[in-house]
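Structural overview
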Amino acid sequence: MASNTLVSRRRVPGRRRAGRRAADQGRQRTLISPAQLARPRGKTVYWIVFVLVIILFTVAFLGPLYWMVTGGLKTTQEAVQSPPTAFPTSVHTENYSRAWTVMDLSGLLFNTFYYAFGALAFQLLFDVAAAYSLSRLRPVFGKAILGMMLATLMIPATVLVVPQYLTVLDVPIVQRNLLNSPWVIWLPSVTNAFNIFLLKRFFDSIPGELLDAAAIDGATPLRTLRSVVLPISRPILGVVSIFAIVGVWKDFLWPMLTLPDPGKQTLNVGIYSLANGVPENVLIAALTIASVPTLLIFLLFQRNIMSGLTAGGLKG
C-alpha cells in the first residue's frame, strides 16, 4: 500500500511537467503579444500596419490588371504618353471589338482551346496511369523512377527546348515531322513530373482498405482505378486539369518555335506576331481579352484548387 502511494507521488510532478508542456505548446506565439494588442496604442498600430499591407498587396497584384483594362479604353496618344494617366479621359470600347476583328482573336482562341484540352486529355490518361502504377502497383525500381522524374524538375525548361525541338523535327522510329501539328503541343505536355508527383501523393493517401475490398470482390487493378480511385480523386484531378490548361495557355516559346503557320498559332504567339501592325491601345485590348479565360478559370475553381492541393496532405 505504501509503495503504491510512493509511486503515485512520484508520478505527480511528471504529470504536472507534461501538463505545462502541453499548455506551452497550445499557446499561440505571435510577433505581438495579446497584452500589447489589448492596449489602445497596440490596436491602432496593428490595424494601421494591417491596412497598409493589404493596400500594398492589392496594388501590386491588381495594378497591372487595372492598367491593362483601362489601357484598352484609351486613345493611342493617351496609351503611349508619359507619364501615363490613371483614368482614360474618354472611354473607347471599340478598341476591344477592333482587336477581336483585326487580330482574329476568335481563331487564335479556338486554336488555344484545342491545344489545351488535347493536352489535358493526354495528361489525365498517361499521368494518372503513371502515378497509380508508382503508388499502388509498386513496380521494380519504382522509387528510382520517381526520383529520376522529380530530378527533371531541377532542369530549366529552356535547356530542354533544343533537344525537344530536334526530337519533334524528326521523331525517332516513326520518322515523322510534327511541326505545325497539334501533336507538337500534346506530346511534350504529357511528360509532367510535377503532376505525376501530385497524383501519386493523393493516391498514397487513399486508405488501403478500400483497395483491398475491391480486390476481394474480384476487381482487377484497372477496374479498381476506374471504379474506386478515380471517383474519389476528383479534387486532385481538377487541380491537374487546371494546371494543364493554364500551362498550354501561357506557354510562348515552344509554340512560337513549333507552330510557324499563322493559322495554327496559339493566342500568345498570334498576338506577338501581329503586334507590330496594330496601335498600342488595340494591342493592350487584345492582351486583356487573352487574359480573361484564365482569370475566369481561377475565380470559378479557386476552391477546387486549394482543396485539391491539400487533399493528399493527411491520410484517413
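Residues numbered from 1 in each chain as written. Predicted model: local features only at pLDDT ≥ 70, side-chain atom pairs only at ≥ 80, totals over all residues. Heavy atoms only, no water.

By volume, the largest pocket amounts to about 1100 Å³. As for the largest pocket, its lining consists of 30 residues, and the residues nearest its centre are Ala 157, Pro 188, Ser 189, Thr 191 and Asn 192. Taken together, the elements giving at least two residues each to the lining of the largest pocket come down to helix H8 (161-169), helix H9 (183-190), helix H10 (193-205), helix H13 (234-250) and helix H14 (253-258). Looking at the lining of the largest pocket residue by residue, the class counts come to 19 nonpolar, nine polar and two charged. (1 Å grid on protein atoms, 1.4 Å probe; cavity = no way out; pocket = protein on both sides within 12 Å on 5 of 7 lines; lining within 4 Å. Points joined across faces, edges and corners; volume = space filled by probe spheres on them. Helix = DSSP H or I, 4+ residues; strand = E, 2+ residues; numbered from the N terminus. Nonpolar A, V, L, I, M, F, W, Y, C, P; charged D, E, K, R; others polar.)

All right, on to the pattern of salt bridges then. The final tally for this structure, using the stated rule, is one salt bridge. The shortest N-O distance in the salt bridge between Asp 204 and Lys 200 comes to 2.9 Å. Residue Asp 204 and its partner Lys 200 are located together in helix H10, separated by four residues, close to a single helical turn. A residue is classified by how much of its surface remains accessible, and Asp 204, at 22% relative accessible area, is partly exposed. Given a relative accessible area of 15%, Lys 200 falls into the buried group. (Salt bridge = Lys/Arg side-chain N within 4 Å of Asp/Glu carboxyl O. Buried < 20%, exposed > 50% of the residue type's maximum accessible area, 1.4 Å probe, protein only.)

The grouping of Val 45, Val 49, Val 53, Leu 56, Phe 57, Phe 61 and Leu 62 at the surface amounts to a nonpolar patch, some 690 Å² of accessible area in total. For Val 53, the location among the structural elements is in helix H3 (residues 40-71). (Patch = residues over 30% accessible without salt bridge, like charges linked within 9 Å, V, L, I, M, F, W, Y side chains within 5 Å. Areas by Shrake-Rupley, 256 points an atom, 1.4 Å probe, with all protein chains shown as cover.)

This next bit is on the environment of Ala 86. Here Ala 86 lies in the loop between helix H4 (76-80) and helix H5 (94-102). Spatially, the C-alpha atom of Ala 86 lies 9.3 Å from that of Tyr 66, the residues being 20 residues apart in sequence.

Take the environment of Met 148 next. Examined against the element boundaries, Met 148 turns out to sit in helix H7 (residues 142-151). The exposure class of Met 148 is exposed, given its relative accessible area of 57%. The spatial distance from the C-alpha of Met 148 to the C-alpha of Ala 193 is 9.3 Å, given a sequence separation of 45 residues.

This part covers the side chain of Gln 265. Position of Gln 265 relative to the elements: it lies in the loop between H14 and helix H15 (267-273). If we ignore the near neighbours within four places in the chain, the residues touching Gln 265 are Leu 108, Asn 111, Leu 259, Pro 260, Gly 270 and Ser 273. (Contact = heavy atoms within 4.5 Å.)

Take the confidence of the model for the chain next. Confidence in the prediction for the chain averages 83 pLDDT; 85% of positions are at 70 or higher. Across the chain, element-level confidence peaks in H14 with a mean pLDDT of 93 and bottoms out in helix H1 (residues 2-26) with 48. Throughout residues 1-12 the model reports pLDDT below 50, and contacts reaching past four residues in sequence, or to other chains, amount to zero contacts. Under a pLDDT of 50 for its full length, residues 22-26 has, in the predicted model, one contact with residues more than four places off or in other chains. (pLDDT = per-residue confidence, 0-100.)

What follows covers the nonpolar core. A general feature of soluble globular proteins is that nonpolar side chains tend to end up buried together. Within the largest apolar cluster, 19 residues are counted, with the highest numbers of intra-cluster contacts made by Tyr 115, Val 184, Ile 185, Trp 186 and Val 248. Here this core gets five residues from one element, more than from any other, and that element is helix H6 (residues 105-137). Other than its neighbours up to four places away in sequence, Val 248 contacts Tyr 115, Ala 116, Ala 119 and Ile 185. (Core = buried A, V, L, I, M, F, W, Y, C linked by side-chain atoms within 4.5 Å.)

It is the contact of H10 with H13, at a shortest axis distance of 10 Å, that shows an interaxial angle of 175°. Classed by the angle they form, the pair H10 and H13 counts as roughly antiparallel. Taking contact as the criterion, the partners of Phe 194, Asn 195, Leu 198, Leu 199 and Phe 202 in H10 are, on H13, Ile 236, Leu 237, Val 239, Val 240 and Phe 243. Among the residues making up the contact of H10 with H13, the classes are represented as nine nonpolar, one polar and no charged. (Axes fitted to C-alpha atoms, helices over the stretch in contact; angles between N-to-C directions. Parallel < 35°, antiparallel > 145°, perpendicular 65-115°, else oblique.)

A separate point is the packing of aromatic side chains. Under the counting rule described, the total for this entry stands at 18 aromatic pairs. Here the aromatic rings of Phe 57 and Phe 61 are separated by 6.2 Å at their centres, their planes lie at 15°, and the arrangement is stacked. Taken together, the residues span about one helical turn, with Phe 57 and Phe 61 both in helix H3 at a distance of four residues. For Phe 57, a relative accessible area of 47% corresponds to the partly exposed category. Where Tyr 66 meets Phe 87, the ring centres are 6.4 Å apart and the plane angle is 80°; that geometry is what we call edge-to-face. Of this pair, Tyr 66 sits in helix H3 while Phe 87 is found in the loop between H4 and H5, placing the two residues 21 residues apart along the sequence. Judged by relative accessible area, Tyr 66 falls into the partly exposed class, the value being 38%. (Phe/Tyr/Trp six-rings, centres within 6.5 Å; stacked < 30°, edge-to-face > 60°.)

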